[in-house]
Amino acid sequence: MARAPSKHGGDQPLDFRGFLSDLQDRKLSRKDKDKKMRPQQPNKDIPKSGDFGTSFGSEDSLPDAASEKDLGNEYFKQKKFKEAIDCYSRSIALSPTAVAFANRAMSYIKIKRFQEAENDCTEALNLDDRYIKAYSRRATARKELGKLKASIEDAEFALRLEPHNQEIKKQYAEAKSLYEKRILQKISEQEKQNVGKLDTKVNGHIIQPVSSSTQRKQMTAVEDHTKINKSGKQAWKVSVQELASRAASRANVLAAQNITRPTTAYQFEASWRGLSGDRALQAKLLKAIYPRELPYIFKNALTVHILVDIIKCVTTFFIDEMALTVSFLENLTKVPRFDTLIMFLSSKDKDDLAKTWDEVFYYEVIPIEFAEKLDNLRTKYCLK
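As a starting point, this report considers the structure included with it. Residue numbers here run from 1 along each chain, matching the order of that chain's written sequence. The predicted nature of this model means local features are confined to residues of pLDDT at least 70 and side-chain atom pairs, given and counted, to a pLDDT of 80 or more, with totals for whole chains, interfaces and linings taken over all residues. Hydrogen atoms and water are omitted, and side-chain values are computed over all heavy atoms in the structure.

Looking now at the overall build of the protein chain. Starting at the N terminus, helices and strands are each numbered in turn, a helix being any DSSP run of H or I of at least four residues and a strand any DSSP run of E of at least two. Across its full length, the protein chain holds 18 helices and 0 strands. Accessibility here uses a 1.4 Å probe with only protein chains present; expressed as a share of the type maximum, an area under 20% marks a residue as buried, one over 50% as exposed, and anything in between as partly exposed. Burial statistics for the protein chain: of 384 residues in total, 36% are counted as buried. Residue pairs at least 24 apart in sequence account for 65% of intrachain contacts in the protein chain once pairs closer than 6 positions are excluded. It only takes one pair of heavy atoms within 4.5 Å for two residues to be counted as in contact.

Of all the residues in helix α12 (residues 279-287), the buried ones are Q282, A283, L285 and L286. One side of α12 carries all its buried residues, which in axial view fall inside an arc of 155°. Those residues of α12 that are buried lie in contact with α11 (265-274), α14 (304-314) and α15 (322-332). Note: the arc covers the axis-to-C-beta directions of the helix.

The next point concerns the packing of helix α5 (residues 114-127) against helix α6 (residues 132-144). When two helices pack together, you describe them by how their axes are tilted relative to each other and by the distance separating the axes. At a minimum axis separation of 8 Å, α5 and α6 run at an interaxial angle of 155°. Between α5 and α6, the angle falls in the class roughly antiparallel. The way α5 lies across α6 gives a crossing that is left-handed. In this structure, α5 uses F114, A117, E118, C121, T122, A124 and L125 to contact α6, whose residues at the interface are A134, Y135, R137, R138, A141, R142 and E144. Charged means Asp, Glu, Lys or Arg here, nonpolar means Ala, Val, Leu, Ile, Met, Phe, Trp, Tyr, Cys or Pro, and polar covers whatever is left, Gly included. Partitioned by chemical class, the residues of the contact of α5 with α6 number 8 nonpolar, 1 polar and 5 charged. An axis is simply a line fitted to the C-alpha atoms; with a helix, the fit covers only the stretch in contact. Between two such axes, the angle follows the N-to-C directions and lies from 0 to 180 degrees. Here the word oblique covers every angle except those under 35 degrees (roughly parallel), over 145 (roughly antiparallel) and from 65 to 115 (roughly perpendicular). Note on convention: near helix rotated counterclockwise from far helix by under a right angle means a left-handed crossing. Clockwise means right-handed.

Our focus in this paragraph is unusual backbone geometry. Positive phi, normally seen in glycine, also occurs at K112, with a value near 65°. Its relative accessible area of 63% is what places K112 among the exposed residues. In this structure, R337 takes a positive phi of about 70° despite not being glycine. One can find R337 in the loop between α15 and α16 (338-343).

Looking now at the packing of α11 against α12. Contact geometry for α11 and α12: axes closest at 9 Å, N-to-C directions at 160°. Here α11 is positioned roughly antiparallel relative to α12, judged by the angle of their axes. For the element pair α11 and α12, the recorded crossing hand is right-handed. Packed against α11, whose contacting residues are F268, S271 and W272, the element α12 presents R279, Q282, L285 and L286 at the interface. Each residue belonging to the contact of α11 with α12 can be placed in one class, and the counts come to 4 nonpolar, 2 polar and 1 charged.

Moving on: the environment of K284. The topology assignment puts K284 in helix α12. Look at K284 and you get partly exposed, because its relative accessible area is 44%. Taking C-alpha positions, K284 is 9.9 Å from C313, a pair spaced 29 residues apart along the chain.

Summarising the element assignment, L307 is placed in helix α14. By relative accessible area, which is 0% here, L307 ends up buried. For L307 and L345, which are 38 residues apart along the polypeptide, the C-alpha to C-alpha distance reads 9.9 Å. Setting aside residues up to four positions removed in sequence, L307 forms contacts with L302, L332, F338, L341 and I342.

This brings us to the packing of aromatic side chains. Within a pair of aromatic rings, the relevant descriptors are the distance that separates the centres and the angle that separates the planes. Ring geometry is summarised as follows: Phe, Tyr and Trp rings, the Trp one being its six-membered ring, pair when their centres sit within 6.5 Å, and such pairs are stacked at plane angles under 30 degrees, edge-to-face over 60 and tilted between the two. In the structure shown here, the tally under the stated rule is 11 aromatic pairs. Ring centres 4.8 Å apart and planes at 65° place the aromatic pair F318 and F361 in the edge-to-face group. Taken as a pair, F318 in the loop between α14 and α15 and F361 in the loop between α17 (347-360) and α18 (368-381) lie far apart in primary sequence, 43 residues in all. By relative accessible area, F318 is classed as buried at 0%. A centroid spacing of 5.1 Å and a plane angle of 75° characterise the contact between F338 and Y381, whose relative ring orientation is edge-to-face. With a gap of 43 residues between them, F338 in helix α16 and Y381 in helix α18 connect regions that are remote in the sequence.

Generally speaking, nonpolar side chains in soluble globular proteins are found buried as a group. We define the nonpolar core as a collection of buried residues of types Ala, Val, Leu, Ile, Met, Phe, Trp, Tyr and Cys that are connected through side-chain atoms lying within 4.5 Å of one another. The biggest cluster of nonpolar side chains holds 57 residues, and the ones touching the most others in it are F268, F298, I310, L329, W357 and Y381. Here the element with the most residues in this core is α14; it accounts for 7 residues. Listed in part, the 16 residues of the second largest apolar core include Y75, F76, F81 and Y108.

Next up on the list: the environment of A158. Counting through the fold element by element, A158 comes out in helix α7 (residues 148-161). Expressed as a C-alpha distance, the spacing of A158 and K169, which sit 11 residues apart in the sequence, is 9.2 Å. Apart from residues no more than four positions distant in its own chain, A158 is found in contact with I132, Y135 and I168.

Shown next as C-alpha cells:
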C-alpha cells in the first residue's frame, strides 16, 4: 500500500536551513561578545617584541598553554598586571615554558614583587639557560632586593651572550656602580668606627686629673692623630679600588667554603669566576660535577675561555686522578658546539693545548688504556 506523504514533508528543507542560520547567528553573537570582553588595543609601555605575542587561540578551542600566555600578554599591554599573572600561571600549569615564567616575572616586577620575579627568572633559566631576557629581568629583581653582586653576575652573563645589547650594558653599569658605592660605604663606616674608638680613648685620658704639661702633651698627641687621620683618609681615597677589590676577594674566599654542584652554565660560570686565581678550589668545583653531566650543564653556553680554563685545571690533578681527567676531557667533546669552539681558539691557546698534551699528558707510567684515549683526544683538541 502506498505510503501517504507527511503533511510537513515539503517544509523540512526550509526548517533545516533555518536551523543552520540560527546556529550561525548565535556563533557570530558569541564572537562579538568575546571581543567586547577582551582587553582593548595595547599601548606602548610594554616589554620588547620577542617576548609577547598578540594573537589569541581559536575561540572555539579549549584553553591551552599558548592561548593563556597570549591572553596574559594582552593584559600586560593594558597594564593589568595581576590579570596577566593569573594567565601566565595557568599557562605554566598547563605547560611550563621559559617565556611564560619570564613574562610572569616581568609582571611581578611591575607590581614590585621582586622575590617572586627572581624565583620565576630562575625557573625560566632552568628551562633555558641561554634566555637573555630571563638574566636581564633577574638582574633587575636582584638589584631591587639588594643582591647587587648577583645582579652584576646576571647582567654580565647576559652581555656574554649578547655583547652589543645597550640596555643590558646600562643595567650592568648601574648595578656595578651601586655595588661599589655599597662597599665604599662599608669601608667608610669601618673607618669612622676605628677613629671613634681612638678618639674616645684619647678623650678618656684628657678628662683625667693630670698636670698641665701632661695635658699639653696629650693635646699635641690628639692634634698629631688628627693630622695622621686626615693624611690617612687621603691615602684611603686613593686606594679605594684596591680596598674594594680586597673586600670582593674576601667575599669570594668565604663563598668558596661552601662549593655546591652547579646544574647550569650560569651557576658554573658564577662559581668559577668567584674562585678565579685558586686552581685548588676550581678543581674542587670540577670534582663536584659528574663528568657525564657536562653536556647537559653547558648545552650551547660553553665559551672558549671557560673551555681552556677547565683543561688547564684538570691538568693539576691529572697524575693522581687519570681516570677522572680523561673522563672530563671525553665529556667536554660531547658539549654542543665543541668542534666550533676548538676552531675559534687563538693561536696561543692552540699552542698551549699542544704543549699540554706533549708535556703533561705524556707521562711514562700512564697505563696503556689512558694513553690510547689521550692520543685520540689530542686529535679533537689539537686538531693534529
